[in-house]
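Understanding the architecture of this molecule
Residue-level listing of the chains:
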Amino acid sequence: MPAHSIVIAPSILACDFGRLHEEVRRAEAAGADWLHLDVMDGHFVDNISFGPAFVDFVAKVATVPLDVHLMVERPDHYFPRFVKSAANITVHVEAQHDVRKTLAGIREMGRTCGLSLRPATPFEAVVPYLDQIDLLLVMTVVPGFGGQPFMPEMLTKVQDARDRRERLGMKYRIEVDGGINEKTAAQTREAGADTFVAGTSVFAAPDMAEAMRKVRGV
Ligand SMILES: O=C(CO)[C@H](O)[C@H](O)COP(=O)(O)O
Ligand SMILES: [Fe+2]
């Protein structure tokens, strides 16, 4: 029996920002369970994307929960600005903050919390926090940009996350993000992932609903 239902979260980073409202509608009509929002500050990653005002706008038009991925150097300082619009807020273990305190702060404000790790960060780095999270986000590309190829070496990290969860009777979701398409979703699902972020493979597909069914594996 799988620990969690399958969730597909299209990444808004890959949509046409000039038609944001219609793109949100298109993703929802194609079967999005959540929408994934990549916040980048130009310090933690080598890119700048969007901030709270943009996420608030998406929240105004969206009918599904928002999954906010904070790729920022000081998530402890910025996460409160996303609480109004986000259902889940994910922060990075490598950022400059007291991880335990940030995770507790997100939960105290009534949101679920996620913890993420870069491909170069070993799984052991998140182990001390696993009892405190709702979701573990395993990055399957170097964070900062959409459209990069999936890193197959990350499959063992997903397996470690699943094995550890089962061994200790924990409940966190296992989310994968970066280069997820029909093939890599199947590989990561097999390894234990239940939550799939997909940007380019779904927004650039000729038929978004079909592309999302393929990611879902149906
Ligand atoms: O966090 C991210 C990048 O840092 C994005 O969520 C990710 O890259 C999704 O885009 P794609 O599916 O095109 O790889
Ligand atoms: Fe992301």
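- In the annotation of an unreviewed UniProt entry, the entry for the protein chain reads Ribulose-phosphate 3-epimerase, and the organism field reads Chthoniobacter flavus Ellin428.
- Taken verbatim from the UniProt record of the protein chain, the Pathway (unreviewed entry) comment is "Carbohydrate degradation."

1. A few points about the UniProt feature "binding site: substrate" (unreviewed entry) in the protein chain
- Summarizing the sequence annotation, UniProt attributes the feature "binding site: substrate" (unreviewed entry) to Ser-11, His-69, Gly-144, Phe-145, Gly-146, Gly-147, Asp-177, Gly-178, Gly-179, Gly-199 and Thr-200 in the numbering used throughout.
- We classify Asp-177 as buried; it has 27 C-beta atoms within 10 Å.
- Look past the residues within four positions of Asp-177 in its chain and what remains in contact with it is His-69, Leu-137, Met-139, Thr-140 and Val-197.
- Inspection of the secondary structure assignment puts Gly-179 in the loop between β7 (173–177) and α6 (182–191).
- Overall, Gly-179 belongs to the buried group, with 23 C-beta atoms counted inside 10 Å.

2. A word on the site of ligand 1
- Residues in contact with ligand 1 amount to 22 residues; listed here are only the nearest, Ser-11, Pro-143, Gly-146, Gly-199 and Thr-200.
- Counting only elements with at least two residues in the shell around ligand 1, the list comes to β2 (35–40), β8 (195–198) and α7 (200–203).
- For the shell around ligand 1, a count of residues per class yields eight nonpolar, twelve polar and two charged.

3. Some remarks on helix α4 (residues 99–108)
- Every buried residue belonging to α4 is among Val-99, Thr-102, Leu-103, Gly-105 and Ile-106, and all of these are buried. When α4 is viewed along its axis, its buried side chains cluster within an angular range of 160 degrees and face the same direction. Along α4, exposed side chains directed more than 90 degrees from the buried face belong to Arg-100, Lys-101 and Glu-108.
- Contact partners of the buried residues in α4: α3 (75–78), β4 (88–92) and β5 (112–117).
- Looking one or two residues past α4, Gly-110 carries a phi angle of roughly 85 degrees, positive in sign.

Cut-offs applied
- Residues numbered from 1 in each chain as written.
- Chains lettered and ligands numbered in written order.
- Predicted model: local features only at pLDDT ≥ 70, side-chain atom pairs only at ≥ 80, totals over all residues.
- UniProt positions renumbered as here; feature names shortened; annotations may be inferred.
- Buried ≥ 20, exposed ≤ 12 C-beta atoms within 10 Å, placed from the backbone.
- Contact = placed C-beta atoms within 7 Å.
- Helix = DSSP H or I, 4+ residues; strand = E, 2+ residues; numbered from the N terminus.
- Near = placed C-beta within 6 Å.
- Nonpolar A, V, L, I, M, F, W, Y, C, P; charged D, E, K, R; others polar.
- Arc of directions from axis to C-beta.

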